[in-house]
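Results of the structural survey
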Amino acid sequence: MTEELIPLRVSNKKAYVWDVDDVAKLRSRHGICGMLTGTLPHLSQQNVFLGVPLLLMPEEVVFLVEKGLACLVDDKNAHHDPEPSHLAKWDSSRLKAIKHQLALAEEEREAKEHQYTTMTEEAIRKRKEREQKRASAASSPNDQSRSSSEPAENPLAYDNPGALFDKQRGQDSSGASRAGITGANYTVHINAPSSQLEWYQQSLHSFTTLPSAREAGIWDYPTSPEERARCAVFRDLREKGYYLGIGIKFGGDYLRFTRELGIFMAFHPGDPLRYHSHFVASVIASPRTPLQPMEIVAHGRLGTGTKKSHLLCEWDEKNDIVTYYSIEWAGFG
């Protein structure tokens, strides 16, 4: 059975993944991590975990399309002007969903109110039993002296601390709390994915190859020798089982994460959420690309400063081979 292609929705030459199931599939099955860029509602601290959409690196997009795992979708043109009948049907289903959610919320509220009332009646029953025991003990001739010196009722002795004060006022403590329950607010969820709308026609604006997407004008990466080298290095490392992430803050092109080692382009010994990267990778476009000695020194010292080894990845387009050189800083003298 052919696996369904993951839609990569393109906007301004950037590819996004909006479905959380697709995000999980990319990470768990294909080792593609991307970067979450969406904000999470009602979350004050958002500097660690964000939400959908997932923004993919261009190299990740090229890898997925070339492997036949995903397709590029022209998201802007996939949205057509809706017909009046489509809008009426959508509005009707939306109102129906809202009424259904409100009915479920009302049932939940009534269940909570019934549970609270049952608990209150149980507390009242226990209180009456205690009062009867005290009354019978006080009427006994042998306990008259003890009953006369018995202290006043202790509010802490009740299962419901407010019951004693409600008794003195001649009120039922359940009234105020029930009033609080009946004033509860409801949260209504409305489906947002546009892929479920009748006027969204993804199939007419999907592209399964890079040339067809380039012809449609929605995707043009890679175009230069440097970009082709980056895609080739990314593909080679991913096929070797490495997890790759953005490595610009470590002075490289990628971070590499593997099942045995962690690298950039950064490499990890597995999923980056569980492992630190061990390597920072820089791509060299061809065997004839000049490399200054000071660059080698800088890469070695920077990698050591971030507790990583630096990896030079040389792409030979003629022979379709990637050669790797690892740099580590060593002390002398």
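What you are looking at is a predicted structure, and each value in this text was computed from that prediction instead of being measured. (Residues numbered from 1 in each chain as written. Predicted model: local features only at pLDDT ≥ 70, side-chain atom pairs only at ≥ 80, totals over all residues. Heavy atoms only, no water.)

1. Examining the overall build of the chain
What counts is decided by this rule: Note on conventions: DSSP H or I runs of at least 4 residues are helices, E runs of at least 2 residues are strands, and numbering of each starts at the N terminus. Exposure classes here rest on a 1.4 Å probe applied to the protein chains alone. A residue is buried below 20% of its type maximum, exposed above 50%, and partly exposed in between. Surface exposure here means Shrake-Rupley accessible area, sampled with a 1.4 Å probe, where a residue is shielded only by the protein chains that are shown.
Scanning the chain from terminus to terminus reveals ten helices and twelve strands. Across the 333 residues that make up the chain, the buried fraction comes to 34%. Put simply, the chain shows about 21200 Å² of open surface, and 54% of that area lies on carbon and sulfur atoms.

2. Let's talk about the pattern of salt bridges
Definition in use: A carboxyl oxygen of Asp or Glu within 4 Å of a side-chain nitrogen of Lys or Arg is what we treat as a salt bridge.
One pass over the structure, following the stated rule, counts twelve salt bridges. In this structure, E106 engages R109 in a salt bridge whose closest nitrogen and oxygen atoms are separated by 2.5 Å. Placement of both E106 and R109 in helix 4 (residues 84-139) is noted, with a separation of three residues, approximately one turn of the helix. Residue E106 is classed as partly exposed on the basis of its relative accessible area of 27%. One salt-bridge network, in which partners are shared between bridges, spans E106, R109 and E113.

3. Overview of the confidence of the model for the chain
Close reading of the predicted structure is inappropriate where its pLDDT is low. Put simply, the rule is: Values of pLDDT, which run from 0 to 100, indicate the predictor's confidence residue by residue. Contact definition: two residues touch when any of their heavy atoms are within 4.5 Å.
With 76% of its residues at a pLDDT of at least 70, the chain reaches an overall mean of 78. Across residues 146-150, where pLDDT falls below 50, the model places three contacts with residues more than four positions away in sequence or in other chains. Across residues 152-182, where pLDDT falls below 50, the model places 38 contacts with residues more than four positions away in sequence or in other chains.

4. As for helix 1 (residues 20-30)
In plain terms, the rule: Each C-beta atom gives one direction from the helix axis, and the arc is the one those directions make. In protein, a polar contact requires one atom able to donate a hydrogen and another able to accept it; more generally it is a pair of N or O atoms within 3.5 Å, and residues adjacent in sequence count only if both atoms are side-chain atoms.
For helix 1, every residue scored as buried is listed here: D22, V23, K25, L26 and H30. Each buried residue of helix 1 lies within a common arc of 165° when the element is viewed along its axis, so the set occupies one face. In helix 1, the exposed positions angled more than 90 degrees off the buried face are occupied by V20, D21 and S28. Here the buried face of helix 1 lies against strand 1 (6-11), strand 2 (14-17), strand 4 (51-55), helix 2 (58-66) and helix 9 (225-239). The N-cap of helix 1, judged by a side-chain oxygen 2.8 Å from the amide nitrogen of D21 a few residues on, is D19. Directly beyond the C-terminal end of helix 1, a positive phi value near 65° is found at G31.

5. Details of the nonpolar core
Operational definition: Throughout, nonpolar core names a set of buried Ala, Val, Leu, Ile, Met, Phe, Trp, Tyr and Cys residues whose side chains join them through atoms within 4.5 Å.
Counting residues in hydrophobic clusters, the biggest one holds 40 residues, and the most contacted among them are L8, L56, V61, L64, L72 and W219. Apart from residues no more than four positions distant in its own chain, L8 is found in contact with A15, Y16, V17, L56, V61, L64, A70, C71, L72 and V73.

6. Focus: the sheet that holds strand 2
Short version of the rule: Note on pairing: DSSP must find at least two bridges between two strands before they are called paired. Whenever a helix is involved, its axis is fitted only over the stretch in contact; in every case the axis is a line through C-alpha atoms, and angles between N-to-C directions fall within 0 to 180 degrees.
One open sheet holds the six strands; their spatial order is 3-4-2-1-5-6, and the pairing between them is mixed. The sheet is open, and its two edges are formed by strand 3 (35-38) and strand 6 (206-207), each paired on a single side. Relative to strand 6, strand 5 (residues 70-74) is paired through two bridges, and the arrangement is antiparallel. Its bridge partner being in strand 6, L72 is matched across the sheet by F207. Contacts between helix 1 and the sheet are confined to strand 1, strand 2 and strand 4, with strand 1 contributing the most and set at about 115° to the helix. Strands in contact with helix 2 are strand 1, strand 2 and strand 5; relative to strand 5, the strand with the most contacts, it is inclined by about 115°.

7. Re the pairing of strand 11 (residues 309-316)
Where burial is concerned, most of strand 11 is hidden: eight out of the eight residues are buried. Along strand 11, one buried face is formed by S309, L311, C313 and W315 and the opposite face, lined by H310, L312, E314 and D316, is buried too. Inspection of the sheet shows strand 10 (residues 279-284) paired to strand 11 by six bridges, in the parallel sense. Bridging from a neighbouring strand, A281 pairs with L311 of strand 11. Bridge analysis of strand 11 against strand 12 (residues 321-327) gives seven bridges, and the strand direction is antiparallel. Within the sheet, the bridge partner assigned to E314 lies in strand 12 and is T323. The antiparallel hairpin formed by strand 11 and strand 12 contains four residues in its connecting segment, where D320 sits at a positive phi of about 55°.

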